[in-house]
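Survey of secondary and tertiary structure
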Amino acid sequence: MKKLFAAAMLVSAVGLVAGCQDEPEDKMERAEENVSEAVDNLGEAAEEAGAATEQKAREMTNNEQTTGEVMEEKMDAAGENIEDAYDTSADYVEDKSEAVKDAAVESKEDLERAMEE
């Protein structure tokens, strides 16, 4: 938080020094940009503080995974199960098609033998 405050102060100081040499419209525009940057910096600092808080809570409760992480693992496992099921069904279809092909060849040969007799 100290770094954020120092950065905001530096941006403000640079803006003030530069502002002394410009027109009022330029000064206003630069001030708006500085405020926008400061707000962005505050948002980033809040996100970092939130992440640090979450990490500390996980350490204190010995709960290493967040709900999002657990959900991600479950989705990965479901994806793997679907992939396995697809592979199994593809193998089954391939085996059955080979059996049908073999039966068709056998039937054709039987038919040809029957016609020769």
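Residues numbered from 1 in each chain as written. Predicted model: local features only at pLDDT ≥ 70, side-chain atom pairs only at ≥ 80, totals over all residues. Heavy atoms only, no water.

Moving on to the confidence of the model for the protein chain. For the protein chain, the mean per-residue pLDDT works out to 75, and 77% of the residues sit at or above 70. The spread of mean pLDDT over the elements of the protein chain runs between helix α1 (residues 2-19), the lowest at 56, and helix α3 (residues 67-116), the highest at 83. (pLDDT = per-residue confidence, 0-100. Helix = DSSP H or I, 4+ residues; strand = E, 2+ residues; numbered from the N terminus.)

Together, E72, E73, D76, E80, E83, D84, D87, D91, E94 and D95 make up a negatively charged patch on the protein surface. Locating D95 in the fold gives a position in helix α3. Residue D95 is classed as exposed on the basis of its relative accessible area of 54%. (Patch = residues over 30% accessible without salt bridge, like charges linked within 9 Å, V, L, I, M, F, W, Y side chains within 5 Å. Areas by Shrake-Rupley, 256 points an atom, 1.4 Å probe, with all protein chains shown as cover. Salt bridge = Lys/Arg side-chain N within 4 Å of Asp/Glu carboxyl O. Lys, Arg positive; Asp, Glu negative; His and termini not counted. Charge placed at Lys NZ, Arg CZ, Asp CG, Glu CD. Buried < 20%, exposed > 50% of the residue type's maximum accessible area, 1.4 Å probe, protein only.)

Here the focus is the pattern of salt bridges. Oppositely charged side chains may form a pair once their charged atoms are brought near each other. Counted according to the given criterion, the structure contains three salt bridges. The salt bridge partner of D110 is R113, with a shortest N-O separation of 3.1 Å. Taken together, the residues D110 and R113, both in helix α3 and three residues apart, mark about one turn of the helix. We classify D110 as partly exposed; its relative accessible area is 40%.

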